[in-house]
Amino acid sequence: MYDIGHDRLDFALDPGTNVLVTGPPLCGKRRFGMQALAAGSRRGEGAIVVTTRDTADRVRSDYRTLFAGGDEDVPPLGVVDAVSETFGQSVTDDQHTKYTSSPKDMSSIGIKFSEFVQSYYTEGGIERTRVLVDSLSPLLVYSNLQGVFRFMHMFTSRVDNASAVGFYTVTSTAHDDETMNSLTQLVDGTVELTEEGTATIRLPNLEDQTVDL
């Protein structure tokens, strides 16, 4: 089981669980996902962020804030960066960062994610991994719903096969009901955040609940 690792939320996820994190802009979707990853990192689990809207440097800066003020070091974070090349930056893959040409290159995103999981297992002996995809909304701009649906079907299957857990953010107010319903079909449950700071949890084997974060 994967403990969610949040002060206000007391539940755990089975290996292979995929969760859609929805809500309007600036409601804390990425921070929610990163907090879940940080909880795993503190236990020696692998952590991967697939970023389609900010650079790897920005993601790591935000991740470090979750450890600020404590005596603990910031654990390694694997990042699949689908943004930096679109800004014209010269990039090269290294141990902790892998790049794709743009959010449109969803096939490469899946491959780079799988490479991280494989290297964690073979080189680090890490069998438990948490991944955050932030965000699906740019993918829907670069591609159509059918293309993103195929990508999500492939990606969630890889999370399941790796006995990992996956969190996928999406700006719900930017998409119509058909899009949101299609994405929801591909995951095991949802966490809906609001600007008022509440989270509505709909997950397997758990009663639906709304809590203040």
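Above: the structure in question.
What this report covers is the structure whose coordinates are included nearby. Quick caveat: nothing in here was measured; it's all calculated off a predicted structure.

## Brief notes about the packing of helix 3 (residues 106-124) against helix 5 (residues 145-161)
- Helix 5 packs onto helix 3 with a crossing angle of 10° between their chain directions and a minimal axis gap of 10 Å. Between helix 3 and helix 5, the interaxial angle falls into the category roughly parallel. Residue-level inspection shows Met106, Ile109, Gly110, Ile111, Phe113 and Ser114 of helix 3 in contact with helix 5, the latter providing Gly147, Val148, Phe151, Met154, Phe155, Arg158 and Val159.
- Of the residues that constitute the contact of helix 3 with helix 5, the class distribution is nine nonpolar, three polar and one charged.

## Quick word on the side chain of threonine 171
- Here threonine 171 lies in strand 8 (residues 165-171).
- Not counting chain neighbours up to four residues away, the residues in contact with threonine 171 comprise Gly23, Pro24, Pro25, Lys29, Ser135 and Ser137.

## What to know about the nonpolar core
- Ranked by internal contacts, the top residues of the largest apolar core, which has 31 residues, are Ile4, Leu13, Leu37, Tyr63, Leu77 and Phe167.
- Going through the elements one at a time, strand 3 (18-23), helix 1 (29-41), strand 4 (46-51), helix 2 (56-65), strand 8, strand 9 (189-193) and strand 10 (198-202) are the ones with two or more residues in this core.
- For this core, the element with the highest residue contribution is helix 1, accounting for five residues.
- Counting 28 residues, the second largest nonpolar core, distinct from the first, contains Val80, Phe113, Val133 and Leu140.

Criteria and thresholds
- Residues numbered from 1 in each chain as written.
- Predicted model: local features only at pLDDT ≥ 70, side-chain atom pairs only at ≥ 80, totals over all residues.
- Heavy atoms only, no water.
- Axes fitted to C-alpha atoms, helices over the stretch in contact; angles between N-to-C directions.
- Helix = DSSP H or I, 4+ residues; strand = E, 2+ residues; numbered from the N terminus.
- Parallel < 35°, antiparallel > 145°, perpendicular 65-115°, else oblique.
- Contact = heavy atoms within 4.5 Å.
- Nonpolar A, V, L, I, M, F, W, Y, C, P; charged D, E, K, R; others polar.
- Core = buried A, V, L, I, M, F, W, Y, C linked by side-chain atoms within 4.5 Å.
- Buried < 20%, exposed > 50% of the residue type's maximum accessible area, 1.4 Å probe, protein only.

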